[in-house]
Amino acid sequence: MNYYSLNREAPNTTFEKAVIKGLAPDRGLYFPEHITPLHPSFFETIGDKSNSDIAFEAIKQFVSPEIPEAVLKKIIEETLTFDFPIIPLNDNISTLELFHGPTMAFKDVGARFMARCLGYFNQNNTNEVTVLVATSGDTGGAVANGFLGVEGVNVVILYPSGKVSDIQEKQLTTLGQNITALEVDGVFDDCQDMVKKAFLDESITQKTQLTSANSINVARWLPQLFYFMFAYRELHKKHNNIVFSIPSGNFGNICAGMMAQKLGLPVNHFIASNNANNVVTNYLKTKNYSPRPSVPTISNAMDVGNPSNFIRIQEIYNNNFDQLKTNLSSFSYTDAQTKEALLEIYEQFNYVADPHGAVGYLGCKDYLKTDNSAHCVFLETAHPTKFLDVVEGVIKTQLKLPPQIKAVIDKDKVAIKISSYQDLKDFLQNR
Ligand SMILES: *Cc1c(COP(=O)(O)O)cnc(C)c1O
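The structure reproduced in this document is the subject of the present report. Every residue gets a number counted from 1 within its own chain, in the order that chain's sequence is written. In view of the model being predicted, local features appear only for residues whose pLDDT reaches at least 70, and side-chain atom pairs are presented and counted only at 80 or more, with totals across whole chains, interfaces and linings using the full set of residues. Think of the side-chain values as coming from all heavy atoms in the structure, minus any hydrogens and water.

Considering the nonpolar core
Generally speaking, a soluble globular protein has its nonpolar side chains buried in company with each other. Phe 15, Phe 62, Phe 147, Leu 225, Met 229 and Phe 244 are the most contacted members of the largest nonpolar core, which has 102 residues in total. If you tally residues by element for this core, the top one is helix H11 (residues 225–235), at nine residues. Setting aside its immediate chain neighbours within four residues, Leu 225 contacts Ala 58, Phe 62, Ala 256, Met 259, Ala 260 and Leu 263. Buried Ala, Val, Leu, Ile, Met, Phe, Trp, Tyr and Cys residues that are joined via side-chain atoms within 4.5 Å together make up what is termed a nonpolar core. Burial here depends on accessible area, computed with a 1.4 Å probe over protein chains only, as a share of the maximum for the residue type. Under 20% is buried, over 50% is exposed, and the range in between is partly exposed. Helix and strand assignments follow DSSP, with helices taken as H or I runs no shorter than four residues and strands as E runs no shorter than two, numbered in order from the N terminus. In what follows, residue pairs with any heavy atoms lying within 4.5 Å of each other are defined as contacts.

So, in structure tokens, the structure goes:
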């Protein structure tokens, strides 16, 4: 598959080049030249298909011929080694648990898939690739874990000091090997700005092949469309009006859901559930898209002031505001509302959500007020123990730590402190 740049000032390129470059030379995000819907029989028989079968059929067109089919099958087998259970809360609301991977956030799937694609492309390449990534919380751990030990790939993660949870920090600062963590004196947007600047800095890019493992990278972004198909497989026999509520930050996950819809997935509507960082909620209200600096919240992985993937969503809907508005609702919630929701979910359904999932749950509740025939699935994007202090503080109950969390909690953090772009540049040039 070839990809074009959404800035439309760079040549089209292959899947391989799009993965290795991350961003097009004109700084645009890559987008597939064609999206061919799957045959309707695919969805009619989806109940009989395994996760791997679904994933293979759904993503094949986007990665071939650069990734041969046999290699793709292997990459998918190695990526999807855990479950994606659906837990019904009541007749109208279910949650899709995306946190059963090694770092217990949904980003594991994209990170593992991308790491294996890059490993495959790099096997005959003598030049090292540096994956440079900014994280608001969960990307760092998922990318560190997914790329650990991948030959020819160095990973450099920038995270905002004091703005990620303790467990998130441990997950990205304790692995060693080819993974380096840079602790930035600033907020997530500062990290993201530094990364973007490095990509534009020829004194760095002439010597080092940089790529990104944020959801701007097509190999990180596209595999996320699997979740929506897995959920549909579980629910379509019982429910004929399925909608998804996606706790959104950079809007990669929700945009992948819309790609699943483009492939023919019979779902009716998407809900972008936001915390106080509500650029998109405001856009749908006012038609005015105005990014602004992010503010910190208890659902920190969504603290994004300028969501990178929104431009892909606009492309999917042909930049047609009205068409987008029919398909997408968006709501925004404060931390106080999020905490109330955590408690409500616990008391009413005996279910422990994390702060991001709780925002998704609130999105379902508001949406159902206008469409009470819907079955709304909110994505549980991270395990509640990743936000231990917040969740335990609200539900006043001690949570049991899963083995993935226990494994990092007592390890020693190793990070290099930086406070300016020059520090990053010095680091990259003097390794
Ligand atoms: C990254 C993340 C999000 C936001 O996902 P986007 O694809 O950036 O919109 C939501 N919840 C959790 C737990 C995350 O880690």
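Re the pairing of strand S5 (residues 93–97)
A regular strand places its side chains so that they alternate between the two faces of the sheet. Within S5, five of the five residues are buried, which leaves it mostly tucked inside the rest of the structure. Judged by which residues are buried, S5 turns out to be covered on both faces: Ile 93, Thr 95 and Glu 97 on one side and Ser 94 and Leu 96 on the other are all buried. When DSSP locates at least two bridges between a pair of strands, those strands are taken to pair. Note: strand S4 (residues 86–88) against S5, three bridges, orientation antiparallel. Bridged to Ile 87 within S5 is Thr 95. Connecting S4 to the antiparallel partner S5 that follows it, the hairpin turn spans four residues.

Remarks on the sheet that holds strand S6 (residues 129–134)
With parallel pairing, the five strands of this open sheet are ordered in space as S9-S6-S7-S8-S14. Bordering the open sheet on either side are strand S9 (209–211) and strand S14 (416–418), each of which pairs with just one other strand. The average undirected angle you get between the axes of adjacent strands in this sheet is 30 degrees. Here strand S8 (residues 179–184) runs beside S14; their pairing, made up of three bridges, is parallel. Looking at the pairing, Leu 182 lines up with Ile 416 of S14. Angles shown run from 0 to 180 degrees and are taken between the N-to-C directions of axes, each axis being a line fitted to C-alpha atoms and, for helices, limited to the stretch in contact.

A look at helix H18 (residues 388–395)
Leu 388, Val 391, Val 394 and Ile 395 are the residues of H18 that are buried. Burial along H18 is one-sided: seen end-on, the buried residues are contained in an arc of 150 degrees. Residue Lys 396 follows H18 closely and has a positive phi angle near 55 degrees. Arc definition: it is the arc formed by the directions from the helix axis to the C-beta atoms.

Comments concerning the side chain of Ser 308
Residue placement: Ser 308 occurs in the loop between helix H13 (279–286) and helix H14 (310–316). On the basis of relative accessibility, which here comes to 15%, the residue Ser 308 falls in the buried class. Once residues lying within four places of it in the same chain are set aside, the contact partners of Ser 308 are Leu 29, Gln 192, Ile 216 and Asn 250.

Side note on the site of the ligand
Neighbouring the ligand are 15 residues, the closest being Lys 107, Asp 138, Gly 249, Asn 250 and Thr 381. Between the ligand and the protein, one listed contact pairs an oxygen atom with a side-chain N or O atom of Lys 107 at 2.5 Å. N or O atoms within 3.5 Å of each other form a polar contact, as long as, within protein, one can give a hydrogen and the other can take it, and as long as residues adjacent in sequence are counted only when both atoms are side-chain atoms. Within the backbone of Gly 252, one N or O atom sits 3.1 Å away from an oxygen atom of the ligand. Considered on its own, the ligand offers 380 Å² of accessible surface; in the complex 98% of this is hidden by protein. Here the term charged refers only to Asp, Glu, Lys and Arg, the term nonpolar to Ala, Val, Leu, Ile, Met, Phe, Trp, Tyr, Cys and Pro, and the term polar to all other amino acids, Gly among them. For the shell around the ligand, a count of residues per class yields six nonpolar, seven polar and two charged. We call a residue near a given molecule or strand whenever any one of its heavy atoms falls within 4 Å of it. Methods summary: accessible areas were calculated by the Shrake-Rupley approach with a probe of 1.4 Å, and residue burial reflects only the protein chains presented.

Observations regarding the packing of aromatic side chains
Two rings from Phe, Tyr or Trp (for Trp, the six-membered ring) form a pair when their centres sit within 6.5 Å of each other. Planes less than 30 degrees apart are called stacked, planes more than 60 degrees apart edge-to-face, and all others tilted. Under the criterion given, the structure shown has 22 aromatic pairs. Ring geometry for Phe 42 and Phe 43: centres 4.9 Å apart, planes at 85 degrees, overall edge-to-face. Side by side, Phe 42 and Phe 43 carry an identical accessibility label, which is buried. Seen in terms of ring centroids, Phe 228 and Phe 270 are 6.2 Å apart; in terms of plane orientation they differ by 70 degrees. Their pairing is edge-to-face. In this pair, Phe 228 sits in helix H11 while Phe 270 sits in strand S11 (residues 269–274), placing the two residues 42 residues apart along the sequence. A relative accessible area of 0% places Phe 270 in the buried class. An aromatic cluster of at least three residues, connected via ring pairs, comprises Phe 82, Phe 84, Phe 106, Phe 226, Tyr 227 and Phe 230. A ring has a charge above it when a Lys NZ or an Arg CZ is no more than 6 Å from the ring centre and no more than 35 degrees off the ring normal. The ring of Trp 221 carries Arg 312 above its face, with NZ or CZ at 4.1 Å from the centroid.

Considering the state of the cysteines
Two cysteine sulfur atoms form a disulfide, by the criterion used here, when they sit within 2.5 Å. For the structure shown, the criterion picks out one disulfide. The disulfide that involves Cys 364 links it to Cys 376, with 2.2 Å between the sulfurs. Between Cys 364 and Cys 376 the disulfide shows an S-S torsion of about -75 degrees. By sign, it is left-handed. On the criterion of sequence distance, the pair formed by Cys 364 in helix H17 (residues 355–368) and Cys 376 in strand S13 (residues 375–380) is long-range, its members being 12 residues apart. As far as burial versus exposure is concerned, Cys 364 and Cys 376 are alike and both buried.

Here we look at the sheet that holds strand S2 (residues 13–14)
The strand order across the open sheet built from three strands is S2-S1-S3, with neighbouring strands paired in antiparallel fashion. At either end of the open sheet lies a strand with only one pairing partner, and these are S2 and strand S3 (30–32). Note that strand S1 (residues 2–5) and S2 share two bridges and pair antiparallel. If you follow Tyr 3 over to S2, its bridge partner there is Thr 13.

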